[in-house]
Amino acid sequence: MYVAVKGGEAAINEAHKLLAEERRGDLAVPELSTAQIEEQLSLSVDRVMTEGSLYDRKLAALAIKQARGDLIEAIFLIRAYRTTLPRFGYSAAVDTAKMGIRRRISATFKDIPGGQVLGPTFDYTHRLLDFKLAAEEGDEGETSGSDFAELPDGVAQLDDSMPRVVDLLKHEGLIEEERPGEKPESIGDLTREPMNFPVDRDVRLQNLARGDEGFLLALGYSTQRGYGRSHPFAGEIRLGEVAVEFVPEDLGFPIEIGEVTLSECQMVNQFKGSTEAPPQFTRGYGLSFGHCERKVMAMALVDRALKGRELGEVVDSPAQDEEFVMEHSDNIQASGFVEHLKLPHYVDFQSELELVRKMRRERREADLGEKDPQAVEAAE
Amino acid sequence: MSVLAKSDPDDLIRAWDDLEDKPKWRWLRKPETGLVMVRGRAGGTGAPFNLGEITVTRCAVVTEGGENGADQSYTGQGYLAGRNRRHAELAALFDALLQNSERRPALEDAVIKPLAARLEARRHQASAKSAATKVDFFTLVRGED
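Residues numbered from 1 in each chain as written. Chains lettered and ligands numbered in written order. Predicted model: local features only at pLDDT ≥ 70, side-chain atom pairs only at ≥ 80, totals over all residues. Heavy atoms only, no water.

1. Let's talk about the overall build of chain A
Helix and strand counts for chain A come out as 13 helices and seven strands. Against the compact-globule benchmark of 21 Å for 380 residues, chain A has a radius of gyration of 27 Å, which places it well outside the compact range. Summarising its shape, the C-alpha atoms of chain A cover approximately 100 × 70 × 55 Å along the three principal directions. Residue burial in chain A is summarised as follows: out of 380 residues, 39% are buried. Sequence separation of 24 or more characterises 64% of the internal contacts of chain A that already satisfy a separation of 6 or more. On chain A, roughly 22700 Å² of surface is accessible, and the fraction owed to carbon and sulfur atoms is 54%. Taken together, the 45 basic and 70 acidic charged side chains of chain A have centroids lying 3 Å from each other. (Helix = DSSP H or I, 4+ residues; strand = E, 2+ residues; numbered from the N terminus. Rg over C-alpha atoms; globule rule 2.2 N^0.38 Å. Buried < 20%, exposed > 50% of the residue type's maximum accessible area, 1.4 Å probe, protein only. Contact = heavy atoms within 4.5 Å. Areas by Shrake-Rupley, 256 points an atom, 1.4 Å probe, with all protein chains shown as cover. Lys, Arg positive; Asp, Glu negative; His and termini not counted. Charge placed at Lys NZ, Arg CZ, Asp CG, Glu CD.)

This is the structure:
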């Protein structure tokens, strides 16, 4: 049991001042602007938006600055902020087939309609430190833009139609189909109601989408290493902009309120069949705000692993255990419970101390009693 | 409304500043920021699920009729992603003006078409840059085959 403490106000105020000072760092170094974070640490922004579960680049950049670059702290700030805003409603489901593609690759088919588009990727870089980036402004080697993508005249455009690669396999019936459900009003929302196990796929995907990247990465990795083996292929990974449509109650017709950048991963998994399903390719799905490629790949692996029960697979690995995965995926819940251990537990610990003393005394007396029952009687 | 919502707010400010004959108007609903839950679909085509929220700012304005009483008043709505109140306000004002069939054609030409062209150019440029990264990998024949 936690017993509250009070007081310490002056010390806490001073600690917060010190925190502000540490955040600012050396005053001789120019202050970082949130616009710089938004533009130049954009993948941090993307992660904070995805796990903070709020698409707003400017707020995410502010949270990162305030949290001194601690992304989980920044996610916490975003989650707290969102509770202060009213909910206007739910968007129509975004159509990722109509994405304005910036990156789209498939590891399963070489020749796909629309082609393989590498886009802005770390893949195929040599992972050598680029000391040009460390050069101070004004120095030789300042980023001048000469390394940037240029637009020669008459350059080709991407095809208008970029069908989802997994949809190509559908015609042969070799792949598990994803069909729209019938009742849109019954879509689970874990920001409104708690999880009740077993949960449906909608709640599972929402949970994974806002889940911690590191946790999902480790779980996804575990499925590849044999804990719930599912032999995955990256059927398709795509990145780009998608329109968000919303029907305001007061208007009664759908309007586009803007565009969001999304990352999507479709994992395709070999499946040898079971009593429940014939041999086929099964699927795992990952979707995130911004450019979070590692996250959506891991999410897709875990989503597939969690289908184990419905596919009639043996469910014995951590990544296949719905309750284990979903109850531990949220880094704000997790850090809340882990970090509350820092708070004063003086009373709590005093009672534990008393208890341990008492148990030791009893044990000692029991030991003595076994050897010499009369000695105990005499002692009492 | 989609063009007004997606355009750069600075472009809207410029268009408003350049506008002759600005109407008198009043708030029907002052700008308010809230959230819309964005939905995706499992596997892209399957059952919908809640992905995460997006900040949205909304407002409504009503333009007032002219002095001679001949003009009608029109209601305009601003509904857009983000927290920029001025952007929402201008989107609502242009929306109101576009309801007026007499002003609509001129506004379409002077404001909406150039904004749409800018958006299109932005898309075009991103598409061209990505197209330059199109790749055609070779599959090598393995030695033992």
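And the narrative resumes.
2. Re the packing of helix 8 (residues 213–224) of chain A against helix 9 (residues 293–305) of chain A
All names here are of chain A. Running from N to C, helix 8 and helix 9 cross one another at 55 degrees; their axes reach a closest spacing of 8 Å. For the element pair helix 8 / helix 9, the angle class is oblique. Pair helix 8 / helix 9 crosses with left-handed handedness. Between helix 8, through Glu213, Leu216, Leu217, Leu219, Gly220, Thr223 and Gln224, and helix 9, the contact on the second element is made entirely by Arg294, Lys295, Ala298, Met299, Leu301, Val302 and Ala305. Within the contact of helix 8 with helix 9, the residues separate by chemical class into eight nonpolar, three polar and three charged. (Axes fitted to C-alpha atoms, helices over the stretch in contact; angles between N-to-C directions. Parallel < 35°, antiparallel > 145°, perpendicular 65-115°, else oblique. Left-handed = near helix turned anticlockwise from the far one by under 90°. Nonpolar A, V, L, I, M, F, W, Y, C, P; charged D, E, K, R; others polar.)

3. Observations regarding the environment of A:Val260
Within the fold, A:Val260 resides in strand 6 (residues 255–271). As for A:Val260 and A:Val242, which are separated by 18 residues in sequence, their C-alpha atoms are 5.5 Å apart. Setting aside chain neighbours within four positions, we find A:Val260 in contact with A:Tyr55, A:Gly240, A:Glu241, A:Val242, A:Val244 and B:Ile54.

4. Let's talk about helix 1 (residues 9–24) of chain A
When the terminal C-alpha atoms of helix 1 of chain A are compared, their 23 Å separation across 16 residues agrees well with the 22 Å that a helix rising 1.5 Å per residue should span. Immediately downstream of helix 1 of chain A, the backbone of A:Gly25 shows phi near 70 degrees, a positive value. (Expected span 1.5 Å × (residues − 1).)

5. As for a nonpolar patch on the surface
Taken together, A:Val3, A:Val5, A:Tyr346 and A:Val347 make up a surface patch of nonpolar side chains, about 370 Å² in accessible area. The residue A:Val347 is located in helix 12 (residues 346–371) in this model. (Patch = residues over 30% accessible without salt bridge, like charges linked within 9 Å, V, L, I, M, F, W, Y side chains within 5 Å. Salt bridge = Lys/Arg side-chain N within 4 Å of Asp/Glu carboxyl O.)

6. Let's talk about the packing of helix 7 (residues 201–209) of chain A against helix 9 of chain A
All names here are of chain A. Running from N to C, helix 7 and helix 9 cross one another at 145 degrees; their axes reach a closest spacing of 10 Å. Note that helix 7 runs across helix 9; the crossing there is right-handed. Of helix 9, the residues touching helix 7 (which contributes Arg201, Arg204, Leu205, Leu208 and Ala209) are Lys295, Met299, Val302 and Asp303. Counted by class, the contact of helix 7 with helix 9 contains five nonpolar, no polar and four charged residues.

7. Quick notes on the interface of chain B and chain A
Across the contact, 50 residues belong to chain B and 72 residues belong to chain A. In this assembly, chain B packs against chain A so that about 5400 Å² is buried in total across both faces, 61% of it on carbon and sulfur atoms. Taken as a group, B:Arg39, B:Leu51 and B:Glu53 account for 13% of the area that chain B buries against chain A, more than any other trio of residues on that side. Ionic pairing is found between A:Asp56 and B:Arg83, a salt bridge with its closest N-O pair at 2.8 Å. Only helix 1 (2–6), strand 1 (25–41), strand 2 (48–63), strand 3 (75–81), helix 4 (104–131) and strand 4 (134–135) of chain B provide two or more residues apiece to the side of chain B that touches chain A. If you tally residues by element for the side of chain B that touches chain A, the top one is strand 1 of chain B, at eleven residues. Across the side of chain B that touches chain A, the residue classes tally to 20 nonpolar, 18 polar and twelve charged. Of the strand pairs in this sheet, strand 4 (residues 116–117) of chain A and strand 4 of chain B are connected by two bridges, and their pairing is antiparallel. Looking across to strand 4 of chain B, one finds that A:Gln116 is bridged to B:Val135. (Buried area = accessible area lost by both parts, 1.4 Å probe. Pairing = 2+ DSSP bridges.)

8. Examining the confidence of the model for chain B
When pLDDT is averaged along chain B, the result is 91; 94% of the residues meet or exceed 70. Across chain B, strand 1 of chain B holds the top mean pLDDT of 97, while strand 4 of chain B sits lowest at 91. (pLDDT = per-residue confidence, 0-100.)

9. As for the domain arrangement of chain A
The domain architecture assigned to chain A consists of domain 1 (9–82), domain 2 (96–120 + 159–178 + 187–335) and domain 3 (347–379). Its C-alpha centre places domain 2 of chain A at a distance of 57 Å from the equivalent point of domain 3 of chain A. (Domains from an automatic or database assignment.)

10. Thoughts on the nonpolar core
General note: in soluble globular proteins, nonpolar side chains tend to be found buried as a group. Counting residues in hydrophobic clusters, the biggest one holds 58 residues, and the most contacted among them are A:Val48, A:Ile257, A:Leu262, B:Ile54 and B:Tyr79. The dominant element in this core, judged by the number of residues it contributes, is helix 4 (residues 57–66) of chain A, at five residues. Of the domains in this structure, domain 1 (9–82) and domain 2 (96–120 + 159–178 + 187–335) of chain A are the two that each give at least three residues to this core. The next biggest cluster of nonpolar side chains, apart from the first, holds 25 residues, and it includes B:Ala5, B:Leu97, B:Leu98 and B:Ile112. (Core = buried A, V, L, I, M, F, W, Y, C linked by side-chain atoms within 4.5 Å.)

11. Let's talk about unusual backbone geometry
Residues and elements named next belong to chain A. The omega torsion across Phe197 and Pro198 is -5 degrees, close enough to zero to call that bond cis. Tracing the chain through its elements places Pro198 in the loop between helix 6 (165–169) and helix 7. Phi at Tyr124 is positive, roughly 65 degrees, even though this residue is not glycine. Considering the arrangement of structural elements, one finds Tyr124 in the loop between strand 4 and helix 6.

12. Details of the pairing of strand 2 of chain B
Buried residues dominate strand 2 of chain B, accounting for 16 of its 16 residues. Strand direction decides the pairing type here: strand 1 (residues 54–55) of chain A and strand 2 of chain B, joined by two bridges, are parallel. The partner of A:Leu54 across the bridge, within strand 2 of chain B, is B:Glu53. With antiparallel pairing between neighbouring strands as the criterion, strand 1 of chain B and strand 2 of chain B make up a hairpin whose turn holds six residues, including B:Gly43 at a positive phi of roughly 70 degrees. Taken together, the seven bridges between strand 2 of chain B and strand 3 of chain B define a ladder with antiparallel strand orientation. Considered in strand 3 of chain B, the bridge of B:Thr57 is made with B:Leu80.

13. Regarding the packing of aromatic side chains
Taken as a whole and assessed by the stated rule, the structure comprises six aromatic pairs over all chains. With a centroid separation of 5.8 Å and 55 degrees between ring planes, the pair formed by A:Phe246 and B:Tyr79 is classed as tilted. In this pair, A:Phe246 is assigned in strand 5 (residues 232–246) and B:Tyr79 in strand 3, connecting two distinct chains. No difference in accessibility class separates A:Phe246 from B:Tyr79, as the two residues are buried. One residue, B:Lys22, lies across the ring of B:Trp16, its end atom 6.0 Å from the ring centre. (Phe/Tyr/Trp six-rings, centres within 6.5 Å; stacked < 30°, edge-to-face > 60°. Lys NZ or Arg CZ within 6 Å of the ring centre and 35° of its normal.)

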